[in-house]
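Take a look at the letters that make up each chain.
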Amino acid sequence: MAKMEASGSDDVEKLKSKFLSAWNNMKYSWVLKTKTYFRRNSPVFLLGKCYHFKGEESSESSPEGSDSGSINSDDNWGNVEEFRKDFISRIWLTYRQEFPPLEESVWTTDCGWGCTLRTGQMLLAQGLLLHFLGRDWIWPNSVDFVNADPFSLFSNTSQRLAAPFETSLPETRDTISSCKPLTNKNVNVDTTEFYHRKIVSWFADCPAAYFGIHKLVQLGKNSGKVAGDWYGPAVVSHLLRQVF
């Protein structure tokens, strides 16, 4: 009798999870194709790097067009293509679904409740990129995606890329400490690709990933959090600290 009641309770929880997932997908999955417009006489800063698009103007004869304002000769000047390569090279971690169930739950998606966890992951991922590869590093494959539509790009490739990332996961804490920052500017592309791929694998959506959502939810139990709860910035910061 107790076994039947437990089975019935599991079915209710699974049904509730599926309903919430469907609702969150409907609520948060709407994508509007919008364009962001910048004034070409204003600099654009991306994580401390300055890009100025005035050089692409056909005419800069006006006083306003020739004034660079607070930008001096020491700033990193670039163009639209360089900005896009830099932007594409940043690690983007967002809602996913159909990953292995989170511990002690039937949740297979973080849609609608994992936003702060993903934000914390991205902050840490960027810090690791800076530490191991440096701020000037650009993902070699970004040149293939500069002219691609970002919406079709990520929707078509996320599932294809997820599996390879999740097959090269760290086994111990020593994996991180064993990777030394790259200081030689002439290091070959294969080495930087290895570092980049290794960093991404640490954030994969599977239980073995060192900074993955499964690990963070598992640690969250000590803070009274379970899968499906909303995690605040302070909690996420403490969870990431605990991983180290």
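Residues numbered from 1 in each chain as written. Predicted model: local features only at pLDDT ≥ 70, side-chain atom pairs only at ≥ 80, totals over all residues. Heavy atoms only, no water.

The test is simple: UniProt positions are given in the numbering used here, feature names are shortened, and annotations may be inferred rather than shown by experiment.
An unreviewed UniProt entry lists the chain under the name Cysteine protease, from Pelobates cultripes. Per UniProt, the chain carries the Function (unreviewed entry) text "Cysteine protease that plays a key role in autophagy by mediating both proteolytic activation and delipidation of ATG8 family proteins." You can read under Catalytic activity (unreviewed entry) in the UniProt record for the chain the words "[protein]-C-terminal L-amino acid-glycyl-phosphatidylethanolamide + H2O = [protein]-C-terminal L-amino acid-glycine + a 1,2-diacyl-sn-glycero-3-phosphoethanolamine".

### Comments concerning helix H9 (residues 233-243)
Condition: Burial classes: relative accessible area under 20% of the type maximum marks a residue as buried, over 50% as exposed, and values in between as partly exposed (1.4 Å probe, protein chains only). Strands are runs of DSSP state E lasting at least two residues, helices are runs of H or I lasting at least four, and both sets are numbered from the N terminus onward. Directions drawn from the helix axis to the C-beta atoms are what define this arc. Residues count as neighbours in contact if any of their non-hydrogen atoms are within 4.5 Å of one another.
If you check which residues of H9 are buried, you get Val236, Leu239, Leu240 and Val243. An end-on view of H9 places all buried positions within 95° of arc, on one side of the element. More than 90 degrees from the buried face of H9, the exposed residues found are Ala234 and Arg241. Summarising the contacts, the buried residues of H9 are in contact with helix H4 (115-132) and helix H8 (213-220).

### Topic: unusual backbone geometry
Non-glycine residue Leu47 carries a positive phi angle of around 50°. Relative to the assigned elements, Leu47 resides in the loop between strand E1 (44-46) and strand E2 (49-51). Assessed through its relative accessible area of 48%, Leu47 is described here as partly exposed. If you check the backbone angles, Glu104 has positive phi at about 55° while not being a glycine. You can see Glu104 is positioned in the loop between helix H3 (80-89) and H4.

### With respect to the nonpolar core
Looking at soluble globular proteins, one finds that nonpolar side chains tend to be buried together. What counts is decided by this rule: The nonpolar core is taken to be a set of buried Ala, Val, Leu, Ile, Met, Phe, Trp, Tyr and Cys residues, with the residues joined through side-chain atoms within 4.5 Å.
With 33 residues, the main nonpolar core has Trp113, Leu117 and Phe203 as its most contacted residues. Those elements that provide at least two residues to this core are H4, helix H7 (189-201), H8 and H9. With five residues, the next largest nonpolar core counts Val44, Leu46, Tyr51 and Phe53 among its residues.

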